[in-house]
Amino acid sequence: MKIAISSQGKEINSRVDPRFGRGKYFILIDSDTGAFSAHDNSQNLNALQGAGIQAARNVTDLGAGAVITGNVGPKAFAALEAAGVEIYTGVSGTVQEALADFRAGKLSRVAKATVEGHW
């Protein structure tokens, strides 16, 4: 499975970005091989509206089956859920630590948005 983790930097040891839609990068990781790539999300950092929906479209287009982040707003949640993407929130630390927690089954899927829009 491919996993998209919101990140403040381009490396696997970068901090998890607490924002999904306005996160600086997404680190896309293949959970089977461990291969990863960084994807810039700067077009959404200052968007007036639609950052979460666009970010959801971006990770879906990358083939992500799961998203790991700090928080997710209602529009992003709805878009990810409609695409069948699993959503895990409340995550902090590094991308590598988040991946380890995911693999160890320490993360819980969420059933609703964790923040209101425009966070």
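Residues numbered from 1 in each chain as written. Predicted model: local features only at pLDDT ≥ 70, side-chain atom pairs only at ≥ 80, totals over all residues. Heavy atoms only, no water.

### Some details on the pattern of salt bridges
Under the defined criterion, the tally for this structure stands at two salt bridges. Taking the shortest distance from any N to any O, the salt bridge between Asp17 and Arg19 comes out at 3.2 Å. With relative accessibility at 2%, the residue Asp17 sits in the buried group. A relative accessible area of 29% means that Arg19 is categorised as partly exposed. A salt bridge links Glu86 to Arg109, with the nearest nitrogen and oxygen atoms 3.9 Å apart. (Salt bridge = Lys/Arg side-chain N within 4 Å of Asp/Glu carboxyl O. Buried < 20%, exposed > 50% of the residue type's maximum accessible area, 1.4 Å probe, protein only.)

### Let's talk about the packing of helix α1 (residues 51–61) against helix α2 (residues 74–82)
Between α1 and α2, the least distance of the axes is 7 Å, while the angle of their chain directions is 30°. Classed by the angle they form, the pair α1 and α2 counts as roughly parallel. Where α1 crosses over α2, the two elements pack in a sense that is right-handed. Taking contact as the criterion, the partners of Gly52, Ile53, Ala56, Val59 and Thr60 in α1 are, on α2, Lys75, Ala76, Ala79 and Leu80. Of the residues belonging to the contact of α1 with α2, the class tally is six nonpolar, two polar and one charged. (Axes fitted to C-alpha atoms, helices over the stretch in contact; angles between N-to-C directions. Helix = DSSP H or I, 4+ residues; strand = E, 2+ residues; numbered from the N terminus. Parallel < 35°, antiparallel > 145°, perpendicular 65-115°, else oblique. Left-handed = near helix turned anticlockwise from the far one by under 90°. Contact = heavy atoms within 4.5 Å. Nonpolar A, V, L, I, M, F, W, Y, C, P; charged D, E, K, R; others polar.)

### Notes on the sheet that holds strand β2 (residues 25–30)
With mixed pairing, five strands are arranged side by side in an open sheet as β3-β2-β1-β4-β5. One side of each edge strand has no neighbouring strand; the edge strands of this open sheet are β3 (36–40) and β5 (86–88). Each neighbouring strand pair of the sheet contributes to a mean axis angle of 20°, computed without reference to strand direction. Sheet analysis places strand β1 (residues 2–7) next to β2, joined by six bridges and oriented antiparallel. Bridge assignment links Lys2 to a residue of β2, and that residue is Asp30. Each of β1, β2, β4 (66–68) and β5 touches helix α3 (residues 95–103); the most contacted strand, β1, lies at about 140° to it. (Pairing = 2+ DSSP bridges.)

### Comments concerning the pairing of β2
Counting buried residues along β2, five of its six residues qualify, which places the element largely inside the surrounding structure. Bridge count for β2 against β3 is five bridges, and the pairing is antiparallel. Within β3, the position partnered with Leu28 by the bridge is Ser37. Here β2 folds back onto β3 in antiparallel fashion, the turn holding five residues, of which Gly34 has a positive phi close to 85°.

### Things to note about the packing of aromatic side chains
Using the criterion set out here, one finds two aromatic pairs in the structure. Measuring from ring centre to ring centre gives 5.2 Å for Phe20 and Phe26, while their planes differ by 50°; the resulting arrangement is tilted. Note on Phe26: relative accessible area 2%, which makes it buried. Pairing Tyr88 with Phe102 gives two aromatic rings, centres 5.3 Å apart and planes at 85°, and the pair type is edge-to-face. Of this pair, Tyr88 sits in strand β5 while Phe102 sits in helix α3, and the two are 14 residues apart along the sequence. Residues Tyr88 and Phe102 agree in their burial class; the two are buried. (Phe/Tyr/Trp six-rings, centres within 6.5 Å; stacked < 30°, edge-to-face > 60°.)

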